[in-house]
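The chain contents come next:
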Amino acid sequence: MTTITTRLVTKGKALTLFQTIFIHPESPKYLIAHEQVHVEQQKADGLVWYWRYLTSTEWCQRYELPAHRAAIAAGEPIGTAAFEFANNYGFDLDFAAAY
């Protein structure tokens, strides 16, 4: 696994492609823990991971939940994680349900 710091990723965000994590230099470091979960998921599921993640909210939720748990364990405030989980993926959740 490789981590690349780049301003090509939006501030506060990170992205995983195969075994590479791309993270903005000013993004919180707990995002690396989040993305490391996606690296392991992608190793296990291969290319089907991308198809499921991009086309199925059910699968996206299955992939994101453990990634957010890892970020919380690495220092992400639970309220921030709940807000992100409820608002950034198209899930049918409000903040209270995500919290």
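Here is what the cut-offs are and how they apply
Residues numbered from 1 in each chain as written. Predicted model: local features only at pLDDT ≥ 70, side-chain atom pairs only at ≥ 80, totals over all residues. Heavy atoms only, no water. Helix = DSSP H or I, 4+ residues; strand = E, 2+ residues; numbered from the N terminus. Contact = heavy atoms within 4.5 Å. Buried < 20%, exposed > 50% of the residue type's maximum accessible area, 1.4 Å probe, protein only. Core = buried A, V, L, I, M, F, W, Y, C linked by side-chain atoms within 4.5 Å. Salt bridge = Lys/Arg side-chain N within 4 Å of Asp/Glu carboxyl O.

A. View of the environment of Ala74. Within the fold, Ala74 resides in the loop between helix 3 (57-73) and helix 4 (78-87). Sequence-wise, Ala74 and Leu31 are 43 residues apart; in three dimensions their C-alpha atoms are separated by 8.4 Å. The residues touching Ala74, leaving out its near neighbours within four places in the chain, are Tyr30 and Ala33.

B. Spotlight on the side chain of Gln41. In this structure, Gln41 sits in helix 1 (residues 30-45). For Gln41, a relative accessible area of 12% gives the class buried. Residue contacts for Gln41: discarding those within four places in its chain leaves Gly46, Trp49, Arg62, Tyr63 and Pro66.

C. Up close: the nonpolar core. Within the largest apolar cluster, 5 residues are counted, these being Ala14, Ile23, Tyr30, Leu31 and Ala71. Tyr30 has contacts with Ala71, Ala74, Gly75, Glu76, Pro77 and Thr80, leaving out every residue within four places of it along the chain.

D. Unusual backbone geometry, seen in detail. If you check the backbone angles, Phe18 has positive phi at about 55 degrees while not being a glycine. With respect to the helices, strands and loops of the structure, Phe18 is situated in the loop between strand 2 (14-17) and strand 3 (20-23).

E. Structural view of the pattern of salt bridges. Overall, the coordinates contain 6 salt bridges when judged by the stated rule. Between Glu40 and Lys43 there is a salt bridge; the shortest N-O distance is 3.3 Å. Of this pair, Glu40 and Lys43 both sit in helix 1, 3 residues apart, roughly one helical turn. For Glu40, a relative accessible area of 46% translates into the label partly exposed. Arg52 serves as the salt-bridge partner of Asp45, at 3.3 Å between the closest nitrogen and oxygen. Here Asp45 falls in the partly exposed class, since its relative accessible area comes to 25%.

So, to be careful, I would describe these as geometric facts and stop short of saying anything about function.
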